[in-house]
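Okay, here's what each chain looks like letter by letter:
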Amino acid sequence: MKFKILNTILPLKKMEYFSEKLTELKKKHLYRKPITTSFISDNIVTTPSASLQESSSDRDNPKKKLLSFCSNDYLGLANNRSVKKAAIRAVKKYGASSKSSRYITGNNEIYQDLEQKLAKFYDADDSIVFSSGYQSAIGTIPALAQKGDLIIADKLIHSCLIDGAKLSGAKLLRYSHNDITHLENLLKENKDKYDKTLIITEEIFSMDGDLAPLNEIQELAKENKALLLVDCAHSLYEAGLLRLGYSAPRNDHEGFEVIFLGTMSKSLGSFGGYVTGSSIIIDYLRNFAKSAIYTTALPPATLAASLESLNIISKKNLARKTLDNARYLCELLKIPFKNSAIIIIEIGDVEKTLRIAKNLKEQGLIVSSIRPPTSPTARLRITVNTKHKKKEIESLARKLKDILKEENVSF
């Protein structure tokens, strides 16, 4: 049977809606367009020269080399020789694909080693690996909370966590960013009205670079017999969470549990997501987290790369160099150091933010220009890693200060 493909699937009036929405984004300078880039070393990317001009075509244009300060490969493991060799060995042994979900024949033996390693790192009973960090959030949160439950989340949590909360059907309340008093008041006023309470925060906030007061949040969760979900996507894996003054609880309080959610696509230089917690919680997620059940398992090469990265960071404190580099850049720019690899310079004006990022790119540096709705205000998001050299950091600081001065931006 042949199917006739219609040129116009929706009536013209309906199509105009989508066109108008795109036009509106462009007018507000919020339109997004992926630019083809390729990493040729730890921090050097190539991109077609024409991509520096929005109106130009990328095709048949010479490539420009740029020094990246916007990668999330905080520990420089994505290009690590041992990590790449582990991935190659896995491809040769198992092939390029897992071929099915974990619940059919896709549960490669590397999964078990990786999940045991992750659990040990977080001093947890067990862990479950998902196919991405986003899938970890939209699978875990609806499994833990449903209609009749309460979710109280930090105002600045990542979009995937918000989506997970909305999918759950639970009542969602937001507390002011890192405001323990506000969180405490919301708990006192609302928790008794619902069956279960889930508190959600990030460890390191992705668009602000600051750290959550985990100890205080944990104490509130314990007092109120609430579940606590901590998103560790931007963790530097520096001696676990000890650098935050945090020690894993025993989860021996009725209704109280700390669950860590993370990703292997940033500091581990690989791909995939995970959740760690008590054996009961992880077993529960294996049976109720839909995004873990109804999806193809990760490729063996990806699992092997993640496992090798964990082996490396268990032996070396790579985070120290990353934090030293971030501290040095903050000193040069004369801004506060927030104890993470993420450095934020708030600009406010969207056009000006884009112009500054473009100016830096023309001088051979690539820095993220973040705009709403990704962040509340327009800002530059700079990330450093263990592979950045001192002279590269100095070059960024010098050029950035000159551009900000020209743009009359004080920070």
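Quick caveat, the model's predicted, so the values are computed rather than measured. (Residues numbered from 1 in each chain as written. Predicted model: local features only at pLDDT ≥ 70, side-chain atom pairs only at ≥ 80, totals over all residues. Heavy atoms only, no water.)

## What to know about empty space enclosed by the protein
Here is step 1 of the chain: Counted under the stated rule, the structure contains one cavity of 30 Å³ or more.
Here is step 2 of the chain: Taken as a whole, the largest cavity holds about 40 Å³ of empty space.
Here is step 3 of the chain: Taken together, Arg 102, Tyr 111, Val 129, Phe 130, Ser 131, Ala 292, Thr 295, Thr 296 and Ala 297 make up the lining of the largest cavity.
Here is step 4 of the chain: In terms of residue class, the lining of the largest cavity is made up of five nonpolar, three polar and one charged. (1 Å grid on protein atoms, 1.4 Å probe; cavity = no way out; pocket = protein on both sides within 12 Å on 5 of 7 lines; lining within 4 Å. Points joined across faces, edges and corners; volume = space filled by probe spheres on them. Nonpolar A, V, L, I, M, F, W, Y, C, P; charged D, E, K, R; others polar.)

## So, the sheet that holds strand 14 (residues 378-383)
Here is step 1 of the chain: Judged by pairing direction, the sheet is antiparallel, and its three strands sit side by side in the order 11-14-13 without closing on themselves. Here the strands that pair on one side only, and so sit at the sheet edges, are strand 11 (342-348) and strand 13 (368-370). Taking the axes of each pair of neighbouring strands and ignoring which way they run, one obtains an average angle of 25 degrees across the sheet.
Here is step 2 of the chain: As defined by bridge partners, strand 13 adjoins strand 14 across three bridges and the pair is classed as antiparallel. Considered in strand 14, the bridge of Ser 369 is made with Leu 380.
Here is step 3 of the chain: Strands in contact with helix 12 (residues 350-362) are strand 11, strand 13 and strand 14; relative to strand 14, the strand with the most contacts, it is inclined by about 30 degrees. (Pairing = 2+ DSSP bridges. Helix = DSSP H or I, 4+ residues; strand = E, 2+ residues; numbered from the N terminus. Axes fitted to C-alpha atoms, helices over the stretch in contact; angles between N-to-C directions. Contact = heavy atoms within 4.5 Å.)

## Quick word on the pattern of salt bridges
Proximity of charged atoms lets side chains of opposite charge pair with each other.
Here is step 1 of the chain: The final tally for this structure, using the stated rule, is 12 salt bridges.
Here is step 2 of the chain: Among the ionic pairs, Asp 192 bridges to Lys 191, the shortest N-O distance being 3.2 Å.
Here is step 3 of the chain: Arg 355 is the partner of Glu 407 in a salt bridge, and the nearest nitrogen-oxygen pair spans 2.8 Å. Of this pair, Glu 407 sits in the segment after helix 13 (390-406) while Arg 355 sits in helix 12, placing them 52 residues apart in sequence.
Here is step 4 of the chain: By sharing partners, the salt bridges in this structure join Arg 102, Glu 115, Asp 126 and Arg 286 into a single network. (Salt bridge = Lys/Arg side-chain N within 4 Å of Asp/Glu carboxyl O.)

## What about the nonpolar core?
Here is step 1 of the chain: Residues Leu 114, Val 129, Leu 183, Ile 199 and Ile 313 are the most contacted members of the largest nonpolar core, which totals 57 residues.
Here is step 2 of the chain: At eight residues, helix 10 (residues 300-315) tops the list of elements feeding residues into this core.
Here is step 3 of the chain: Counting residues in hydrophobic clusters, the runner-up holds 27 residues, among them Phe 130, Cys 160, Leu 161 and Leu 261. (Core = buried A, V, L, I, M, F, W, Y, C linked by side-chain atoms within 4.5 Å. Buried < 20%, exposed > 50% of the residue type's maximum accessible area, 1.4 Å probe, protein only.)

## Some words on the sheet that holds strand 9 (residues 257-263)
Here is step 1 of the chain: Overall, mixed pairing links the seven strands, which are arranged 4-10-9-8-7-5-6 in an open sheet. Across the chains shown, the open sheet's two edge strands, defined by having one partner strand only, are strand 4 (126-130) and strand 6 (171-175). Direction aside, neighbouring strands of the sheet carry axes that sit 20 degrees apart on average.
Here is step 2 of the chain: Pairing between strand 5 (residues 150-154) and strand 7 (residues 197-202): four bridges, direction parallel. Note on strand 7: the bridge partner recorded for Ala 153 is Ile 200.
Here is step 3 of the chain: Where helix 6 (residues 180-190) meets the sheet, its contacts fall on strand 5, strand 6 and strand 7, and the angle it forms with strand 6 comes to roughly 150 degrees.
Here is step 4 of the chain: Sheet strands touched by helix 8 (residues 279-288): strand 4, strand 9 and strand 10 (273-277). Its angle to strand 4, the strand with the most contacts, is close to 25 degrees.

## So, the packing of helix 12 against helix 13
Here is step 1 of the chain: In contact at an axis separation of 10 Å, helix 12 and helix 13 are set at 140 degrees when each is read in the N-to-C sense. The angle between helix 12 and helix 13 places the two elements in the oblique class. Along this stretch, helix 12 crosses helix 13, giving a crossing that reads as right-handed. Taking contact as the criterion, the partners of Ile 356, Asn 359 and Leu 360 in helix 12 are, on helix 13, Leu 396, Lys 399, Leu 400, Ile 403, Leu 404 and Glu 406.
Here is step 2 of the chain: Residues belonging to the contact of helix 12 with helix 13 are distributed by class as follows: six nonpolar, one polar and two charged. (Parallel < 35°, antiparallel > 145°, perpendicular 65-115°, else oblique. Left-handed = near helix turned anticlockwise from the far one by under 90°.)

## Topic: the pairing of strand 14
Here is step 1 of the chain: Among the six residues that make up strand 14, six are buried, leaving the element largely enclosed by the rest of the structure.
Here is step 2 of the chain: Alternating positions in strand 14 separate into two faces, Ala 378, Leu 380 and Ile 382 on one and Arg 379, Arg 381 and Thr 383 on the other, with burial throughout.
Here is step 3 of the chain: As defined by bridge partners, strand 11 adjoins strand 14 across six bridges and the pair is classed as antiparallel. Bridge pairing in strand 14 links Ile 345 to Leu 380.

## Thoughts on the side chain of Asp 208
Here is step 1 of the chain: Inspection of the secondary structure puts Asp 208 in the loop between strand 7 and helix 7 (214-223).
Here is step 2 of the chain: The exposure class assigned to Asp 208 is buried, which follows from its relative accessible area of 16%.
Here is step 3 of the chain: For Asp 208, the side chain forms a polar contact with the side chain of Arg 379, separated by 3.2 Å.
Here is step 4 of the chain: Excluding its chain neighbours within four sequence positions, the residues that come into contact with Asp 208 are Leu 156, Lys 338, Ile 344 and Arg 379. (Polar contact = N/O pair within 3.5 Å; in protein donor to acceptor, adjacent residues only side chain to side chain.)

## Looking at a positive patch on the surface
Here is step 1 of the chain: Residues Lys 315, Lys 316, Lys 321, Lys 387, Lys 389 and Lys 391 make up a contiguous surface patch of positive charge.
Here is step 2 of the chain: Relative to the assigned elements, Lys 316 resides in the loop between helix 10 and helix 11 (319-333).
Here is step 3 of the chain: A relative accessible area of 54% places Lys 316 in the exposed class. (Patch = residues over 30% accessible without salt bridge, like charges linked within 9 Å, V, L, I, M, F, W, Y side chains within 5 Å. Areas by Shrake-Rupley, 256 points an atom, 1.4 Å probe, with all protein chains shown as cover. Lys, Arg positive; Asp, Glu negative; His and termini not counted. Charge placed at Lys NZ, Arg CZ, Asp CG, Glu CD.)

## Quick word on the pairing of strand 4
Here is step 1 of the chain: The buried fraction of strand 4 is high, at five of five residues.
Here is step 2 of the chain: In strand 4, alternate side chains face the same way, and those of Asp 126, Ile 128 and Phe 130 on one face and Ser 127 and Val 129 on the other are all buried.
Here is step 3 of the chain: Across five bridges, strand 4 lies against strand 10 in antiparallel orientation. Across the sheet, residue Asp 126 finds its bridge partner in strand 10, namely Gly 277.

These figures come from the coordinates and say nothing about function on their own.
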